[in-house]
Amino acid sequence: ARLERFLALAAEDNLQIVNATTPAQYFHVLRRQVKRNWRKPLIMMTPKSLLRSASAVSPLSDFTEGQFQRILPDSEIDPASAKRILLCSGKVYYDLLHERQEIEYEDVAIIRLEQLYPLREEDLHAILDPYPDGTHVYWVQEEPENMGAWRYLRGKFGFLMLERFPFYGICRPESASPATGSRSSHNIEQANILKTAFLPRSDI
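Visitor: Sorry if this is basic, but what is going on with unusual backbone geometry here?
Guide: Across the chain, the bulk of peptide bonds are trans and the bulk of non-glycine residues have phi less than zero. Cis peptide bonds are those with omega within 30 degrees of zero, and the linkage from Tyr117 to Pro118 qualifies with -10°. Within the fold, Pro118 resides in the loop between strand 6 (115–117) and helix 5 (121–128). Within the chain, Glu104 stands out as a residue other than glycine whose phi angle is a positive 60°. One can find Glu104 in the loop between helix 4 (92–103) and strand 5 (108–113).

Visitor: Could you clarify how one ought to interpret helix 6 (residues 150–157) in this entry?
Guide: Owing to its 3.6 residues per turn, the α-helix brings residues three or four apart onto one side. Trp150, Tyr152, Leu153 and Phe157 are the residues of helix 6 that are buried. Around the axis of helix 6, the buried residues are gathered within 160° of arc, so they sit on the same side. Positive phi shows up at Gly158, right after helix 6, with a value of about 70°.

Visitor: Can you help me understand the packing of helix 4 against helix 7 (residues 183–197) in this one?
Guide: Two measures define how a pair of helices packs: the angle their axes make with one another and the distance between the axes. Closest axis-to-axis distance for the helix 4/helix 7 pair is 10 Å, and the angle between their directions is 60°. One element, helix 4, and the other, helix 7, form an angle in the oblique class. Seen from above, helix 4 lies across helix 7 with right-handed handedness. Between helix 4 and helix 7, the contacting residues are Val92, Asp95, Leu96 and Glu99 on the first element and Gln190, Leu194 and Ala197 on the second. Grouping the constituent residues of the contact of helix 4 with helix 7 by class yields four nonpolar, one polar and two charged.

Visitor: In this structure, what is going on with the sheet that holds strand 2 (residues 42–44)? I would like to understand it.
Guide: Backbone hydrogen bonds are what pair the strands of a sheet, in a parallel or an antiparallel way. The three strands are arranged 2-1-6 in an open sheet whose pairing can be described as mixed. Of all strands in the sheet, those with a lone pairing partner are strand 2 and strand 6, marking the two edges. Put simply, the sheet's adjacent strands are angled 25° from each other on average, direction ignored. Of the strand pairs in this sheet, strand 1 (residues 16–18) and strand 6 are connected by two bridges, and their pairing is antiparallel. Looking at the pairing, Ile17 lines up with Tyr117 of strand 6.

Visitor: Is there a simple way to explain the pairing of strand 5 in this structure?
Guide: Each regular strand carries side chains that alternate between the two faces of the sheet. Counting buried residues along strand 5, six of its six residues qualify, which places the element largely inside the surrounding structure. On strand 5, burial covers both faces: Val108, Ile110 and Arg112 on one face and Ala109, Ile111 and Leu113 on the other are all buried. Sheet topology note: the strand 3 (residues 71–72)/strand 5 ladder contains two bridges and is antiparallel. By the bridge assignment, Leu72 is partnered in strand 5 with Arg112.

Visitor: How do you make sense of the side chain of Gln33 when you look at a structure like this?
Guide: Tracing the backbone shows Gln33 in helix 2 (residues 23–35). Excluding its chain neighbours within four sequence positions, the residues that come into contact with Gln33 are Gln16, Arg39, Lys40, Pro41 and Leu42.

Visitor: I keep staring at the pattern of salt bridges and nothing clicks. Help me out?
Guide: When the charged atoms of two side chains lie near each other, side chains of opposite charge can form a pair. Applying the stated criterion across every chain, the model contains eleven salt bridges. Beyond isolated ion pairs, a larger network of salt bridges with shared partners links Asp74, Glu76 and Arg100.

Visitor: Please clarify how the environment of Val108 should be interpreted in this entry.
Guide: With respect to the helices and strands, Val108 occurs in strand 5. Separated by 23 residues in sequence, Val108 and Ile85 have C-alpha atoms that sit 5.8 Å apart. If we ignore the near neighbours within four places in the chain, the residues touching Val108 are Asp74, Ile77, Arg84, Leu86, Arg100 and Phe198.

Visitor: Would you explain the packing of aromatic side chains in this entry?
Guide: Any aromatic ring pair is given by two values, namely how distant the centres are and how the planes are angled relative to each other. For the structure shown, the criterion picks out six aromatic pairs. When the ring of Tyr93 is compared with that of Tyr94, the centres are 5.0 Å apart and the planes differ by 70°; the resulting orientation is edge-to-face. By relative accessible area, which is 10% here, Tyr93 ends up buried. Counting every residue linked through ring pairs, the aromatic cluster contains Trp150, Phe157 and Phe167. Stacked on the ring of Tyr93, the Lys or Arg Arg112 has its end atom at 3.8 Å from the ring centre.

About the thresholds
One numbering rule holds for all chains: residues counted from 1, following each sequence as written. Owing to the predicted nature of the model, reporting of local features is limited to residues with pLDDT of at least 70; listing and counting of side-chain atom pairs is limited to 80 or more, with chain, interface and lining totals taken over all residues. Working from all heavy atoms in the structure, the side-chain values ignore hydrogens and water. Numbering of helices and strands starts at the N terminus; helices are DSSP runs of H or I of at least 4 residues and strands are runs of E of at least 2. Accessibility here uses a 1.4 Å probe with only protein chains present; expressed as a share of the type maximum, an area under 20% marks a residue as buried, one over 50% as exposed, and anything in between as partly exposed. This arc is built from the directions going out from the helix axis to the C-beta atoms. To define axes, lines are fitted to C-alpha atoms, for helices over the stretch in contact only, and angles between the resulting N-to-C directions are given on a 0 to 180 degree scale. Roughly parallel means an angle under 35 degrees; roughly antiparallel, over 145; roughly perpendicular, 65 to 115; everything else is oblique. Here is the rule for handedness: rotate from the far helix to the near one, and if that takes an anticlockwise turn smaller than a right angle the crossing is left-handed, while a clockwise turn gives right-handed. Note on definitions: a residue-residue contact is assigned when non-hydrogen atoms from the two residues lie within 4.5 Å. By the convention adopted, Pro, Cys, Tyr, Trp, Phe, Met, Ile, Leu, Val and Ala count as nonpolar, Lys, Arg, Asp and Glu as charged, and the other residues, Gly among them, as polar. Only when DSSP finds a minimum of two bridges between them are two strands counted as paired. A pair is scored as a salt bridge if a Lys or Arg side-chain nitrogen falls within 4 Å of a carboxyl oxygen belonging to Asp or Glu. In this scheme Phe, Tyr and Trp rings, the latter by its six-membered ring, pair at centre separations within 6.5 Å, and the angle between planes marks the pair as stacked below 30 degrees, edge-to-face above 60, and tilted otherwise. Placement of a positive charge over a ring is assigned whenever Lys NZ or Arg CZ falls within 6 Å of the ring centre and within 35 degrees of the normal to the ring plane.

Below, the structure written as structure tokens:
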């Protein structure tokens, strides 16, 4: 599916566009869809590769308690010490998390947008409120710059998210195709995205 095309069609709360990163989130968003008194089309962008991921797991308690969360915070990083915030959605979260663990960074927060539309600013305020003003926020995606959610988010927030955080994008270069057609080229580009996500701003 082409995420950017669904986002271009989204307006006036006509769609729900979700990219769940855990089994419990997937369960709760489907449960929410059935239990609600009103119905709007639900677009699920979750890739099949997460079915095979050993990292994408949920304890049983996450299924029996709680509900779908539109945004998942980073519970491992102290917001007061964060030097940057990586916003992402879907599978790339696990790539970023693995990279952070490999290089042992403790000042880079990774926040997941589980629901891309409707995206309520009050939800973002609640998640980002503990972070210091001026902390750089980067949207990280695997898609080329002209695809995925980047242009949708840039149009929504501009260059300053919530009037507090400088906002940038980390993506593949613009492309007419969503994939290179070469596994080795894809791996090189993916490694570059991950490396860039953790570089100092002056080096990006």
